[in-house]
Amino acid sequence: MNTPIDVFSEWAQNGKDEGMERHHYQSVMNMINFASSKLSKYSFIDAGCGNGWVIRKVTEDPKCSKAIGVDGSKNMIDKAKRLDVKNKYYCEDLLTWMPNEKADIIHSMEVFYYFENPGNLIKHINNNWIKIGGRLIMGIDFYMENKTSHSWQKECGISIMKLYSEIEWKNFFKNAGLSKVESWRHGESKDWGGTLIVTGVH
Ligand SMILES: C[S@@+](CC[C@H](N)C(=O)[O-])C[C@H]1O[C@@H](n2cnc3c(N)ncnc32)[C@H](O)[C@@H]1O
């Protein structure tokens, strides 16, 4: 078993990171549209940005005034910086990193279950990253109700992957102090639960 950071650093080298963009694209667009559609202008942080594809995409929106990507894998961040010299990327552990300025939207796709205690990460983000009235929005495909995903930890050989139900994820958000917490699934089909999206307001 390897740490999440080691596994994704290898993915950045062997090109598997590009598959994540293809697979996560529709869910991420659903999340960004939900979070940004009522705003006239917004700043944005991608927590666990991988190769930075979401930052490159969101900054095509003229309403996005600033976007920052943070990831613990140096290979991912080096690749993000190679592909995009306009925006800022930081190689940091999400549990300790703090932005210089809080943002309107904190987005994260397929990242929060790589933490031993996701509740601590969500609290840290709520306390230190989000403006008053701003939003945290998270998407995950690995969760209790999505049975197809349960084999992934073994298949990928990743040391930490925490399996929780939709209600447990919503409780992490509520217990962190977020309000108006809601959730939905995007892209469900016969043998696929869809991306579980959970969001709340600071
Ligand atoms: C499944 S990938 C998703 C990447 C990106 N969000 C996407 O959709 O393409 C998970 C990412 O979380 C990052 N990650 C895992 N644990 C982390 C930690 N403790 N601090 C920062 N990043 C972390 C990994 O390096 C990896 O890039």
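Heads up: these notes are all about the structure in this document. These numbers come from a predicted model, not from an experiment. (Residues numbered from 1 in each chain as written. Predicted model: local features only at pLDDT ≥ 70, side-chain atom pairs only at ≥ 80, totals over all residues.)

1. Quick notes on the sheet that holds strand β6 (residues 179-186)
So, step 1. Pairing in this open sheet of seven strands is mixed, and the strands run β3-β2-β1-β4-β5-β7-β6 from one edge to the other. Unpaired on one side and paired on the other, β3 (88-91) and β6 mark the two borders of the sheet. Each strand of the sheet is rotated relative to its neighbour by a mean of 15°, with strand direction disregarded.
So, step 2. The strands touched by helix α4 (residues 74-83) within the sheet are β2 (64-71) and β3, with β3 carrying the most contacts at an inclination of about 165°. (Pairing = 2+ DSSP bridges. Helix = DSSP H or I, 4+ residues; strand = E, 2+ residues; numbered from the N terminus. Axes fitted to C-alpha atoms, helices over the stretch in contact; angles between N-to-C directions. Contact = placed C-beta atoms within 7 Å.)

2. Things to note about the nonpolar core
So, step 1. In terms of nonpolar packing, the biggest core is built from 51 residues, with F44, I45, I106 and I125 touching the most fellow members.
So, step 2. The element best represented in this core is strand β5 (residues 130-140), accounting for five residues.
So, step 3. Contacts of I106, omitting those with residues within four sequence positions, involve I45, A47, I125, W129, I130 and L136. (Core = buried A, V, L, I, M, F, W, Y, C linked by C-beta atoms within 7 Å. Buried ≥ 20, exposed ≤ 12 C-beta atoms within 10 Å, placed from the backbone.)

3. Side note on the site of the ligand
So, step 1. In the vicinity of the ligand, 20 residues are found, and the nearest of them are M20, G48, G50, G72 and S73.
So, step 2. Elements represented by at least two residues in the shell around the ligand include exactly α1 (4-14) and α2 (16-36).
So, step 3. Per-class residue counts for the shell around the ligand are 11 nonpolar, five polar and four charged. (Near = placed C-beta within 6 Å. Nonpolar A, V, L, I, M, F, W, Y, C, P; charged D, E, K, R; others polar.)

4. A few points about the packing of α1 against α4
So, step 1. The contact between α1 and α4 brings their axes to 7 Å, and the two run at 40°. Facing F8, S9, A12 and Q13 of α1, the residues of α4 in contact are K74, N75, M76 and K79.
So, step 2. When the residues that make up the contact of α1 with α4 are grouped by side-chain class, the tally is three nonpolar, three polar and two charged.

5. Notes on the environment of D17
So, step 1. Within the secondary structure, D17 sits in helix α2.
So, step 2. As for D17 and A80, which are separated by 63 residues in sequence, their C-alpha atoms are 11 Å apart.
So, step 3. In this structure, D17 is in contact with W11, A12, G50, N51, M76 and K79, ignoring residues within four places of it in sequence.

6. Some thoughts on the pairing of strand β4 (residues 103-109)
So, step 1. Of all seven residues that make up β4, seven are buried, and the element is covered over most of its length.
So, step 2. As paired elements, strand β1 (residues 42-47) and β4 share three bridges and run parallel to each other. If you follow I45 over to β4, its bridge partner there is I106.
So, step 3. Judged from the six bridges that link them, β4 and β5 form a sheet pairing that is parallel. Along β5, the bridge assignment pairs A103 with I130.
So, step 4. A crossover connection joins β4 to the parallel β5 through helix α5 (residues 118-128); in handedness this β-α-β unit is right-handed. (Right-handed = clockwise from strand over helix to strand, strands pointing away.)

By themselves these figures say nothing about function.
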